[in-house]
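Structure assessment
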Amino acid sequence: MELLSTGFEKLDRAIGGGMLPDSTTLIVHETYSWGWILAFAILKNRTVMGDFGVVLNSVLPFSSLEMELKPVGVDIEALGEGGKLAIIDVFSSRLGVEYPHEFVYSLDNFSAETFVPKYEKLYREILSSKIGNRRPVGVDFTIDGMAFLIGEDSTIRVFQRFMALKEKMRIQEDRKRPINILVVNKDRVSKRFLSWFSLYSQYVLEIRPEGGTTERIRIMKSPLVYTPRGRELKLKRKRGRITVE
């Protein structure tokens, strides 16, 4: 059985050895937590291993996202300019902001009804022009941001259509299977919404602040660990990087 490393050895061990291809990981955090950065750290680690990152951004301008990530060693502009990352920027394209970067893509006339076909068309363009035979690593930043734009029920339905699309591609295409990471601030959505996405995710990590530069990671779900609840790690923010201890 193939397992893919997160780039954090202790996190790999805690979830049962690594991430399964075609799997989805849900990172749940709360207000004042910076734990969502773990999604981008995993993405960066996977690009070092030869994968290609695809970020679906619905909540922050590019400059704000860059400002949050650079101090912990994730330089999204360098990754993009180096041909290792593409950003599908729903947030900025909705508000009429255009970037000169070739790796930042707009998704115009955004709506729940047209999102999936437009995303599929754009994704296939990125697949043919950028990704090639590399493994895609998707980060959805964030599903609560998407719920704010189109509503919780519409976001759930959109994700169901994404799952069906991914399943068709798995059956029809012979290529490296992707891994997907979803980020959600649980203070912005209902428990019902969280319940749906916990069902759709093979791995669920809950991250809570401990104060200062330390956060606690609790492994809530993994297909590789029979009783994952109670497995805990510490996420630490150090100068220039984050670590899992």
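Our subject is the structure listed above.
Notes on the structure in this doc start here. (Residues numbered from 1 in each chain as written. Predicted model: local features only at pLDDT ≥ 70, side-chain atom pairs only at ≥ 80, totals over all residues. Heavy atoms only, no water.)

1. Comments concerning helix H2 (residues 37-48)
The test is simple: Note on conventions: DSSP H or I runs of at least 4 residues are helices, E runs of at least 2 residues are strands, and numbering of each starts at the N terminus. Residue count minus one, scaled by 1.5 Å, sets the expected span of a helix. A 1.4 Å probe rolled over the protein chains alone gives each residue an accessible area, and that area as a share of the maximum for its type sets the label: buried under 20%, exposed over 50%, partly exposed in between.
The end-to-end C-alpha separation of H2 is 17 Å, in line with the 16 Å expected for 12 residues at 1.5 Å each. Taken across its 12 residues, H2 has 10 buried, putting it largely inside the fold. Turning to H2, its buried residues are Ile 37, Leu 38, Ala 39, Phe 40, Ala 41, Ile 42, Leu 43, Asn 45, Arg 46 and Thr 47. The positive-phi residue at the C-terminal boundary of H2 is Gly 50, with phi of around 110°.

2. So, the pattern of salt bridges
The test is simple: Here, a salt bridge means any Lys or Arg side-chain nitrogen found within 4 Å of an Asp or Glu carboxyl oxygen.
Scanning the model with the defined rule gives 18 salt bridges in all. One salt bridge in this structure joins Arg 13 and Glu 9, with 3.1 Å as the shortest N-O distance. Remark: Glu 9 and Arg 13 occur in helix H1 (residues 9-14); sequence separation between them is four residues, near one turn of the helix. In this structure, Arg 13 and Glu 9 share a single accessibility class: exposed. Arg 192 is paired through a salt bridge with Asp 153; the nearest N and O atoms lie 2.8 Å apart. Here Arg 192 is found in helix H9 (residues 191-200), whereas its partner Asp 153 is found in helix H8 (residues 152-172), with 39 residues between them in sequence. By relative accessible area, Arg 192 is classed as partly exposed at 44%. The class for Asp 153 is partly exposed, based on a relative accessible area of 36%. Each of the salt bridges in this network shares a partner with another, and the network as a whole consists of Glu 210, Arg 216, Arg 218, Glu 232 and Lys 234.

3. Considering the nonpolar core
Our working definition: Side-chain atoms within 4.5 Å are what join buried Ala, Val, Leu, Ile, Met, Phe, Trp, Tyr and Cys residues into a set we call a nonpolar core. Note on contacts: a residue pair qualifies if any of its non-hydrogen atoms lie within 4.5 Å across the two residues.
Ranked by internal contacts, the top residues of the largest apolar core, which has 44 residues, are Leu 11, Leu 38, Phe 40, Val 139, Ile 217 and Ile 242. Ile 242 has contacts with Phe 8, Trp 34, Ile 37, Leu 38, Ala 41, Val 72, Leu 235, Lys 236 and Arg 237, leaving out every residue within four places of it along the chain. Counting 24 residues, the second-largest nonpolar core is a separate cluster that includes Phe 52, Leu 122, Ile 150 and Met 169.

4. With respect to the sheet that holds strand E6 (residues 179-185)
Here is the rule we go by: Here the rule is simple: two strands pair whenever DSSP picks up at least two bridges between them. A fitted line through C-alpha atoms represents every axis, and for helices the fit uses only the stretch in contact; the resulting angles, taken between N-to-C directions, go from 0 to 180 degrees.
Judged by pairing direction, the sheet is mixed, and its 10 strands sit side by side in the order E4-E3-E2-E5-E6-E1-E7-E8-E9-E10 without closing on themselves. Each edge of the sheet is formed by a strand with only one pairing partner; in this case those strands are strand E4 (104-106) and strand E10 (241-244). Across the sheet, the mean angle from the axis of one strand to that of its neighbour is 20°, orientation sign disregarded. The sheet contact formed by strand E1 (residues 24-29) and strand E7 (residues 203-211) spans four bridges and is parallel. Across the sheet, Val 28 pairs through a bridge with Glu 206, a residue of E7. Relative to the sheet, helix H6 (residues 115-131) contacts strand E2 (52-57), strand E3 (85-89), E4 and strand E5 (136-141), its axis offset from that of E2 by approximately 155°.

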